[in-house]
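Residue strings, one per chain:
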Amino acid sequence: MKSTISENQKINLKRMSKKYIFLLLASATLGLTSCSPFNVRSDYAETANFNEYKTYKLRIDDLKLNDIDKDRVLNEVSRQLQTKGLSVSDNPDLIVNVKANHKKIQDVQSSRPYGMYGWGGPFGWGVGMNRTWTSNYNQGALILDLIDARTQKLVWQGIGSGISVDSPKAKQKQIPEIVAEIMANYPPQKGK
């Protein structure tokens, strides 16, 4: 017996395979973009007109970082603001106050019991051992306050946490990433 596929069936198979590939790519993209190691959030004054802000000046009164990380943060904040169409000025529309902090995190994990089981198998009595271990590390956060220079009121704030403070290589990679994620919310989309 000979099996033949009509032209319409071939066309339908091609369409289905293209849809399947598209769905696979879309879900992979969504999976990659939603796997950020950072916790980022922002808030803004609903009365502010963000279209009026064209210039900025950095203020670092409370930026407690070493000089290397300070340069990384400030350079990336400036780069992100400039990609948003703002330029540096001595008489700015916005004052950008950059703050950083970190906290000690203690991560406690435990494993399920393992070992020998006595009479009755896993549902009877016996000997089992539970393992618990802890790890301590520092986690950093950045806070960006955008202040209307004319009114001296906060109009936008972005906060991001989750920087691996204890690893210089991780900080080198993560600081630009977290600043970009924070600034992705500026200017705010009203109603979202």
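Use the structure listed above.
Residues numbered from 1 in each chain as written. Predicted model: local features only at pLDDT ≥ 70, side-chain atom pairs only at ≥ 80, totals over all residues. Heavy atoms only, no water.

### As for the packing of aromatic side chains
For the structure on display, the rule yields four aromatic pairs. Note on Phe50 and Tyr186: the rings are 5.6 Å apart at their centroids and 80° apart in plane angle, and the pair reads as edge-to-face. Of the two residues, Phe50 is situated in the loop between strand S1 (39-44) and strand S2 (55-59) and Tyr186 in the segment after helix H3 (168-183); the sequence distance between them amounts to 136 residues. The exposure class assigned to Phe50 is buried, which follows from its relative accessible area of 10%. The rings of Tyr44, Phe50, Tyr53, Trp156 and Tyr186 are connected pair by pair, giving a single aromatic cluster. (Phe/Tyr/Trp six-rings, centres within 6.5 Å; stacked < 30°, edge-to-face > 60°. Helix = DSSP H or I, 4+ residues; strand = E, 2+ residues; numbered from the N terminus. Buried < 20%, exposed > 50% of the residue type's maximum accessible area, 1.4 Å probe, protein only.)

### Considering the environment of Asn101
The topology assignment puts Asn101 in strand S4 (residues 94-110). Note: C-alpha distance between Asn101 and Asp62 (39 residues apart in sequence) is 9.2 Å.

### Things to note about the nonpolar core
Grouped together as the largest cluster of nonpolar side chains are 27 residues, with contacts concentrated most on Leu94, Leu142, Leu144, Leu146, Trp156 and Tyr186. Counting residues per element, the ones that place at least two in this core are helix H2 (67-83), S4, strand S5 (132-148), strand S6 (153-164) and H3. The dominant element in this core, judged by the number of residues it contributes, is H3, at five residues. If near-sequence neighbours (up to four positions away) are discounted, Leu142 is found in contact with Val73, Lys99, Ala100, Gly158, Ile159, Gly160, Ile163, Ile178, Val179 and Ile182. (Core = buried A, V, L, I, M, F, W, Y, C linked by side-chain atoms within 4.5 Å. Contact = heavy atoms within 4.5 Å.)

### Quick notes on H2
Along its 17 residues, H2 runs 24 Å from first to last C-alpha, staying within 8% of the 24 Å computed at 1.5 Å per residue. Regarding H2, the residues found buried are Asp69, Val73, Leu74, Glu76, Val77, Ser78, Gln80 and Leu81. The opening residue of H2 is Asn66, an N-cap whose side-chain oxygen sits 3.0 Å from the backbone nitrogen of Ile68. A positive phi of about 95° marks Gly85, the residue just after H2. (Expected span 1.5 Å × (residues − 1). Polar contact = N/O pair within 3.5 Å; in protein donor to acceptor, adjacent residues only side chain to side chain.)

### As for H3
Taking 1.5 Å as the rise per residue, H3 with 16 residues should run 22 Å; its terminal C-alpha atoms sit 23 Å apart, in good agreement. For H3, the principal kink sits at Gln174 and spans about 35°; a proline, Pro176, occurs within the next four residues. All of the buried residues along H3 are Ala170, Lys171, Gln174, Ile175, Ile178, Val179, Ile182 and Met183. (Bend = angle between axes of the 7 residues up to and from the residue.)

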